[in-house]
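Residue-level structure breakdown
Spelled out, the chains give:
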Amino acid sequence: MNFNLNFNNVTQNYLFAEVANRTAKYAAAHPEKQVLKLGIGDITLPLAPAVIKALHSAVDEMSNKDTFQGYGPYEGYDFLRENIRTYYKSNGVELDVDEIFISDGAKSDLGNILDIFSAENTVLIPDPVYPVYVDTNVMAGRKIIYANATAENGFLPMPESNIHADIIYICSPNNPTGAAYSKSQLKEWVDYADKNNAIILYDAAYECFVKDKSLARSVFQIDGARTCAIEFCSFSKTAGFTGTRCGYTVIPKEIKKDGGSANKMWLRRQSTKFNGVPYIVQKGAAAVFTEQGQREIFANLEVYNRNAKLIAETLDELGIWYTGGKNSPYIWLKCPHNMSSWQFFDYLLENAQVVGTPGAGFGKNGEGFFRLTAFGSEKTTFEAVQRIKNLLKN
Ligand code: MLT
């Protein structure tokens, strides 16, 4: 047997595992200190009551021989796919139900989708960005080129006509920088993909934070995207499903090449390697789209939006440069005093017991930057910004 030696080319630990390890080590050595975590973007508010009610009722259905469910459809139950279709319609996007595939989250699908593409493809990935895109392609041995996201371009790189790519990753609003593409900027990416016969893998996991109407909530709001884009989304951040697990991927039927259809290949892939998301969980996810569900998740999102505002205002007061925090739950800041990302991570942990995520973990252009999440509780966020203020005000 031989191992896949591409694994030698990824960092030893996944970024958020590394942050968790270092935090746990510090906490074990300083049990008297209270550590406040604004690192991984994990939600802190419980599931909405409408979701809980639907979950309970689905559990009851599973206890009755007349309503019990065994294996579900590989692509997800129609009751949930229909709700997602209606949600897209409310954003002006028409989809067919069989273009929507339910999964256990955007992260898995973003990694698994690579099964349907040739290993010979060249991949264009923004730097910095969510590390899953790079790590999964490195594991598969694909050639990666980078689109530099920098303070100069507002962390929103645009296509360069002299560079060819086959697979393009876009995350908007972006993780980690919080920067979000306008519809006209996304149109340039769609035209570029079209010209290069490329596919855009569009991560819309944070679309629910977009308030500004000029920004896209879905790549399919852009003309021409149906022939060149696949969209990934999740209930994790929208409705607090990080521990419950449910997401979806949209693959238009128009994405075809050499007699193959991405939609059909993905169904073939999923039916071979995946037995679907639990019925109970899909029932809970469907309740997100009820009137009560929408009202309740909106109230939760407002808490995170207020946290983001508070962090941003604190940085304004301290005169620290940052992006994000407006149409995004992430705040991306320049480390003070030219500290490196990991230096600032240690400095903040040791002197304020606040955990964030080092920008360098998201790519080389992230060096010298640092990410704070607005997904902490209101109490944690308030306490963390006081500590940051006290530490950095001088
Ligand atoms: C993050 O902190 O970047 C996210 O929580 C990671 C994820 O969604 O997998």
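Look up: the structure comes first, before these words.
My aim in this report is to walk through the structure given alongside it, one point at a time. Please read all numbers here as calculations on a predicted model, not as lab measurements.

Details of the sheet that holds strand S3 (residues 122-127)
If you trace the 7 strands from one edge of the open sheet to the other, you get S2-S8-S7-S6-S5-S3-S4, paired in mixed fashion. On the outer flanks of this sheet lie strand S2 (100-103) and strand S4 (143-148), each paired with one strand and no other. Across this sheet, the average inter-strand angle for adjacent strands is 20 degrees, counted without regard to direction. Strand direction decides the pairing type here: strand S6 (residues 199-203) and strand S7 (residues 229-234), joined by 4 bridges, are parallel. In the strand pairing of S7, leucine 201 is matched with isoleucine 230. Packed onto the sheet, helix H3 (residues 78-90) meets S2, S7 and strand S8 (247-250) and runs at close to 120 degrees relative to S2. Its contacts with the sheet place helix H6 (residues 183-196) against S3, strand S5 (167-171) and S6, and it is angled at close to 165 degrees to S5.

A word on the packing of helix H2 (residues 49-62) against helix H9 (residues 279-287)
Running from amino to carboxyl end, H2 crosses H9 at an angle of 150 degrees, the nearest separation of the two axes being 8 Å. Taken together, the axes of H2 and H9 are roughly antiparallel relative to one another. When the axes of H2 and H9 are compared, the crossing they make is right-handed. Between H2, through Ala50, Val51, Ala54, Leu55, Ala58, Val59, Glu61 and Met62, and H9, the contact on the second element is made entirely by Tyr279, Ile280, Val281, Lys283, Gly284 and Ala287. Its residues assigned to classes, the contact of H2 with H9 shows 11 nonpolar, 1 polar and 2 charged.

Here we look at the site of the ligand
The ligand sits among Phe16, Ile40, Gly41, Tyr130, Asn175, Tyr206, Lys237, Tyr330 and Arg371. With respect to the ligand, the side chain of asparagine 175 contributes an N or O atom lying 2.8 Å from an oxygen atom. In this structure, arginine 371 approaches the ligand through a side-chain N or O atom, which is 2.7 Å from an oxygen atom. Contact with the protein chains covers 84% of the free accessible surface of the ligand, which is 270 Å². The residue inventory of the shell around the ligand, partitioned by class, reads 5 nonpolar, 2 polar and 2 charged.

Conventions and cut-offs
- Residues numbered from 1 in each chain as written.
- Predicted model: local features only at pLDDT ≥ 70, side-chain atom pairs only at ≥ 80, totals over all residues.
- Heavy atoms only, no water.
- Pairing = 2+ DSSP bridges.
- Helix = DSSP H or I, 4+ residues; strand = E, 2+ residues; numbered from the N terminus.
- Axes fitted to C-alpha atoms, helices over the stretch in contact; angles between N-to-C directions.
- Contact = heavy atoms within 4.5 Å.
- Parallel < 35°, antiparallel > 145°, perpendicular 65-115°, else oblique.
- Left-handed = near helix turned anticlockwise from the far one by under 90°.
- Nonpolar A, V, L, I, M, F, W, Y, C, P; charged D, E, K, R; others polar.
- Near = heavy atom within 4 Å.
- Polar contact = N/O pair within 3.5 Å; in protein donor to acceptor, adjacent residues only side chain to side chain.
- Areas by Shrake-Rupley, 256 points an atom, 1.4 Å probe, with all protein chains shown as cover.

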